[in-house]
Amino acid sequence: MEKTLIVIKPDGVQRNLIGEIISRYERTGLKLVALKMMQADENLVEKHYTIDPDWKKNVGTKAIESYEKKGLQPPSNDPVEVGEDVLKRLKIYICAAPVVAMVWQGNEAVKLGRKICGSTESLSAEMGTIRGDYSLESYQLADGSERAIVNLVHASGSVEEADQEIALWFTENEILNYKLIRDTLLYDKNWTI
Ligand code: GDP
Ligand code: MG
C-alpha cells in the first residue's frame with residue numbers, strides 16, 4: 001500500500017491549523033502510520049529538497065512560467081539560479097519553528113496527498129485544497145519579501161520521492177503497521193455488516 005510524507009510547515013503550526021490539516025487527510029480514508037512534532041534543521045531540509053537532482057531546475061522553471069503567464073518579469077531567467085535561491089529560503093522557512101511530520105498510507109496516497117494539499121502557489125491553488133483555502137500566498141508576495149512561498153504543508157510529489165523522504169524523516173520503527181476495522185470496508189472484496 002502506497003505511503004506519502006505530509007509535513008505541516010511552521011506557518012501551519014503557528015496558525016493553529018494542525019487539527020484542520022490532519023482531519024482533511026483523515027477523512028479521505030488514508031491511514032496515519034507515523035506522526036511527530038519536531039524541529040527540522042538545515043541539513044534535513046537540504047537533503048529533503050535535493051533527493052530529486054532536477055528539483056532546482058524544475059522549481060525554477062515552474063516559477064518562471066508562473067511569472068510569464070501573468071505577464072510579469074521573473075526574478076531571473078535561469079531556472080537553476082531561481083531553484084538555488086528557493087532552497088536557501090526554504091532552509092530559513094522550514095527551520096524557523098516546529099513542524100509536524102506524518103506518514104499517511106492507502107490507495108494512491110501520493111496522488112491524494114497532493115490533491116488535498118493543492119498547487120505550490122496558494123493564489124493559484126483550487127478552493128477546497130489546504131493551500132487554496134487557508135493561504136493568500138503568491139510568487140510575487142514571497143519573492144518580493146525574499147522568502148520562500150509560505151504554503152502551510154508539504155506533500156510528496158511521487159512514489160519514489162515519498163519513499164526517500166519518509167526514510168529521511170522517520171526511522172523504520174517509527175512507522176507503524178496496524179489494522180483498522182475500517183480497512184475491511186475500504187479494501188476487502190467481500191464485506192458484510
Ligand atoms: P511543492 O511540491 O508544491 O511544495 O513545491 P516545490 O517542490 O516546487 O517547492 C518546494 C517549496 O519551495 C514550495 O512549497 C514553496 O514553499 C517553495 N517555493 C517553490 N517555488 C518557489 C519560488 O519560485 N519562489 C519562492 N519564494 N518559493 C518557492
Ligand atoms: Mg515538491
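Residues numbered from 1 in each chain as written. Chains lettered and ligands numbered in written order. Predicted model: local features only at pLDDT ≥ 70, side-chain atom pairs only at ≥ 80, totals over all residues. Heavy atoms only, no water.

### What to know about the nonpolar core
Part 1: If you look at the biggest cluster of nonpolar residues, it comprises 23 residues, and the most contacted ones within it are V45, L90, I94, W169 and F170.
Part 2: Secondary-structure elements contributing two or more residues to this core are β1 (3–8), β2 (31–38), α3 (42–49), α4 (55–69), α5 (79–94), β3 (99–105) and α9 (159–169).
Part 3: By residue number, the principal contributor to this core is α5, which donates 4 residues.
Part 4: Excluding residues within four positions of it along the chain, I94 makes contact with K9, P10, A40, V45 and V99.
Part 5: Core analysis: the second largest hydrophobic core is formed by 18 residues, I6, L30, V100 and I130 among them. (Core = buried A, V, L, I, M, F, W, Y, C linked by side-chain atoms within 4.5 Å. Buried < 20%, exposed > 50% of the residue type's maximum accessible area, 1.4 Å probe, protein only. Helix = DSSP H or I, 4+ residues; strand = E, 2+ residues; numbered from the N terminus. Contact = heavy atoms within 4.5 Å.)

### Focus: the environment of L72
Part 1: Its place among the elements puts L72 in the loop between α4 and α5.
Part 2: For L72, a relative accessible area of 32% corresponds to the partly exposed category.
Part 3: Dropping the residues within four chain positions of it, L72 is found in contact with Y67 and Q140.

### A word on the environment of N43
Part 1: Relative to the elements of secondary structure, N43 occurs in helix α3.
Part 2: Sequence separation between N43 and K91 is 48 residues, and the spatial gap between their C-alpha atoms is 8.5 Å.

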